[in-house]
Amino acid sequence: MNIQQKQVQRRRTFAIISHPDAGKTTLTEKLLLFGGAIHLAGAVKAKKASRGATSDWMAVERERGISVTSSVMKFDYQDYEINLLDTPGHQDFSEDTYRVLTAVDSVLMVIDSAKGVETQTKKLMEVCRMRRTPIMTFINKLDRDGLEPIELLDDIETNLGIECAPLTWPVGTGRGFKGVFDLRRDELRFFVPDGQKSTRPLDVRHVKGLDDPALDDLLGADAQQLRQDAELLSGAGHPFDVQRYLAARQSPVFFGSAINNFGVRELLDTFVELAPPPQPRQAETRMVSPLDPEFSGVVFKIQANMDPAHRDRIAFLRIVSGQFQKGMRVRHHRIGKDMQIAKATIFMAHDRTGVDQAWPGDIIGIHNHGTIKIGDTFSSKEPLKFTGIPSFAPEHFRRVRLKDPLRSKQLEKGLLQLCEEGAVQVFRPLRSNDYLLGAVGPLQFEITMARLKDEYNVEAGYESVDITGARWIAGGSGARQFVNDNGREIAKDIDGDLVYLVSNPWRLERLMETYDDVVLQTIKEHR
Ligand code: G4P
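All values derive from a computational prediction rather than experimental measurement.

A.B. asks: Kindly report on unusual backbone geometry, identifying the contributing residues and their values.
C.D. replies: Generally, phi is negative for residues other than glycine and the peptide bonds are trans, each holding for most cases. At R132, a position not held by glycine, the phi torsion is positive, near 50°. With respect to the helices and strands, the residue R132 is situated in the loop between α6 (119–131) and β5 (135–140). Its identity is not glycine, yet K141 carries a phi of approximately 65°, on the positive side. Residue classification places K141 among the buried positions, given a relative accessible area of 18%.

A.B. asks: Explain the packing of helix α12 (residues 408–420) against helix α13 (residues 443–456) residue by residue, including any values.
C.D. replies: Remark: α12 packs on α13, axes separated minimally by 10 Å, with the N-to-C direction vectors making an angle of 120°. The angle between α12 and α13 falls in the class oblique. Between α12 and α13 the crossing geometry is right-handed. Of the residues in α13, those in contact with Q410, L411, G414, L415, Q417 and L418 of α12 are T448, R451, L452 and Y456.

A.B. asks: Account for the nonpolar core, with residues named and values stated.
C.D. replies: Judged by nonpolar contacts, the single largest core of 58 residues is most densely connected at L85, I139 and I156. Formed jointly, this core draws a minimum of three residues from each of two domains, domain 1 (9–67 + 90–272) and domain 2 (281–379). Contacts of L85, omitting those with residues within four sequence positions, involve T13, F14, A15, I16, S71, V72, V100, A103, V104, F300 and I363. The next biggest cluster of nonpolar side chains, apart from the first, holds 28 residues, and it includes F14, L27, F254 and A258.

A.B. asks: Can you break down the sheet that holds strand β7 (residues 168–171) residue by residue, with the values?
C.D. replies: Reading across from one edge, β7-β8-β9-β10 is the order of the 4 strands in this open sheet, with antiparallel pairing throughout. A single partner strand is all that each edge strand has here, and the edge strands are β7 and β10 (203–206). Within this sheet the neighbouring strands show an average axis-to-axis angle of 25°, counted without direction. Sheet analysis places strand β8 (residues 179–182) next to strand β9 (residues 187–190), joined by 4 bridges and oriented antiparallel. If you follow D182 over to β9, its bridge partner there is E187. Running at roughly 145° to β7, helix α9 (residues 222–236) makes contact with β7 and β8 of the sheet.

A.B. asks: Kindly report on the pattern of salt bridges, identifying the contributing residues and their values.
C.D. replies: Applying the stated criterion across every chain, the model contains 37 salt bridges. Between E81 and R10 there is a salt bridge; the shortest N-O distance is 2.9 Å. One end of the pair, E81, is in strand β3 (residues 80–85); the other, R10, is in the loop between α1 (3–9) and β1 (11–18), and 71 residues separate them in sequence. We classify R10 as partly exposed; its relative accessible area is 25%. A salt bridge links R99 to E95, with the nearest nitrogen and oxygen atoms 3.5 Å apart. Remark: E95 and R99 occur in helix α5 (residues 95–100); sequence separation between them is 4 residues, near one turn of the helix. Considered together, R99 and E95 belong to a single accessibility category, that of buried residues. A network of salt bridges, in which partner residues are shared, links R10, R11, K74, E81 and D362.

A.B. asks: Quick one: what's the story with the side chain of D292, residue by residue and with numbers?
C.D. replies: With respect to the helices and strands, the residue D292 is situated in the loop between β13 (287–288) and β14 (296–304). If near-sequence neighbours (up to four positions away) are discounted, D292 is found in contact with Q4, R286, S321 and G322.

A.B. asks: Which residues make up the packing of helix α2 (residues 24–34) against helix α11 (residues 264–274), and what values go with them?
C.D. replies: The description of two helices packed together rests on the angle between their axes and the distance between the axes. Interhelical geometry of α2 versus α11 gives an angle of 70° and a closest axis separation of 10 Å. Classified by the angle their axes make, α2 and α11 are roughly perpendicular. Residue-level inspection shows L27, K30, L31 and F34 of α2 in contact with α11, the latter providing V264, R265, L267 and L268. Classifying every residue of the contact of α2 with α11 by side-chain character gives 6 nonpolar, no polar and 2 charged.

A.B. asks: Could you give an account of the packing of aromatic side chains, with specific residues and numbers?
C.D. replies: For the structure on display, the rule yields 13 aromatic pairs. Here the aromatic rings of F93 and Y98 are separated by 5.7 Å at their centres, their planes lie at 75°, and the arrangement is edge-to-face. Summarising the aromatic geometry, the rings of F191 and F262 are spaced 5.3 Å apart at their centres and angled 80° between planes, so their arrangement reads as edge-to-face. In this pair, F191 is assigned in the loop between β9 and β10 and F262 in the loop between β11 (250–255) and α11, connecting sequence segments 71 residues apart. Relative accessible area serves as the criterion here: at 0%, F262 is assigned to the buried category. One aromatic cluster in this structure is built from F93, Y98 and F392. If you follow K301 out to its NZ or CZ, it ends over the ring of F316, 5.6 Å from the centre. In this arrangement the basic side chain of R428 is found over the ring face of Y435, its NZ or CZ atom lying 3.7 Å from the centre.

Definitions and limits used
Residues numbered from 1 in each chain as written. Predicted model: local features only at pLDDT ≥ 70, side-chain atom pairs only at ≥ 80, totals over all residues. Heavy atoms only, no water. Helix = DSSP H or I, 4+ residues; strand = E, 2+ residues; numbered from the N terminus. Buried < 20%, exposed > 50% of the residue type's maximum accessible area, 1.4 Å probe, protein only. Axes fitted to C-alpha atoms, helices over the stretch in contact; angles between N-to-C directions. Parallel < 35°, antiparallel > 145°, perpendicular 65-115°, else oblique. Left-handed = near helix turned anticlockwise from the far one by under 90°. Contact = heavy atoms within 4.5 Å. Core = buried A, V, L, I, M, F, W, Y, C linked by side-chain atoms within 4.5 Å. Domains from an automatic or database assignment. Pairing = 2+ DSSP bridges. Salt bridge = Lys/Arg side-chain N within 4 Å of Asp/Glu carboxyl O. Nonpolar A, V, L, I, M, F, W, Y, C, P; charged D, E, K, R; others polar. Phe/Tyr/Trp six-rings, centres within 6.5 Å; stacked < 30°, edge-to-face > 60°. Lys NZ or Arg CZ within 6 Å of the ring centre and 35° of its normal.

Here it is in structure tokens:
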């Protein structure tokens, strides 16, 4: 194995997907604790708590400031280098949350055992499905009363359309939660409610399979229940198959309690063992392997620092192949220029440091002076254009109202740039001169307005509009007719592509029946 193969093999780049409050932050913290990246439980939560409300501008600033450093958390575990990418999920849920999923090789899904599959998880799962991203599942909060484990698996299978293969199984739940049985290793792990702040080993007992009478001594009546569950599983469940996991058809499932640090180590151990290392990526001309010697990378996120004292913008670049070296010259293909990356940042858990060297799977931050766009490709030699960083249909819309009509040029410039950075999407209706903004999460409107004021000196306000969705008109023999007939509801996006703006889902359904030869899409590939 050469050094590049070694470096690729030891990397795991992933994100955690969940609905708010399922336990993503808590689990992240425990992972960082095991990785030695933080030494005290509570550090991540403290950051989160300091975010505060989003209504005043300072709070937004603070929030964005924090999310720059927590966007990527790099840490070591055993011989692995792990890049954990944040998927903003509360008020800051945005298109970035989706786009982050285009930069990872696998995901970890957290489900609250009392709630089962929730909406945000469902939405994020659609992106994973589209990209065939392998998923590992952690069912959290077993220390609380929740749904029956079998019910939870059924819920995931039905609502997310993926097979579940439990690798551990809970013994009791809520107040009666005793621990989990590791079905692969025939081990019983006892739950220790105060395991919160430490990474000390759990109380683990090996048994000789489920029929071992030692299990009855250890668990009493729960042993019988465990056997019954296991029998049910062997009949109705799916045996674990690593190939099916890697093909994103099956999700291995773990049960635990993040806050009690229970079940996290097994999850992490299995994750590093099974999760895929950096994967090849499709460019327009060919598939690019992480083992290709030439450097290449793709920008999946641009983050503006809202602090006026450091008004920089950072482009997050995922390295796809080769090796990054500080000071190297790369080609920025979209604009056809060479540039030297004199300074790049790597994001260690809660810290940024300059980086001298990085490998496929790593995320580096490069300074952007307004020339970098989401989806841009950089490479050392060959002209490449990576595909697969799409735009996602917004669900929130506003009409922009300019306070000073003489500033319309600046407004246009500002909106265009913010749109290229992926902060917000801009639409121009065919039948009016309005600017419509679309976003996946409403916080983006607040950020856009503040940035227009700060960076472009444009004072703008918003008017609400009666639009709840968008569909790109992606072709089909009836597309022209569709546009002619429904022009009042159609707009152009920043690239001039036509979009149907949904104000009534029933009407959309009817239209789709009437114009069944028109292709309408919720996702659009960047050009
Ligand atoms: P999120 O990032 O997915 O939004 O979730 P987060 O980790 O913030 O967890 C949401 C709430 O669930 C927190 O409670 C957290 O303490 C709790 N939680 C996380 N894991 C477990 C678990 O295994 N068992 C139980 N019982 N609770 C868990 P909170 O009251 O909102 O915050 P805090 O006051 O505890 O910080």
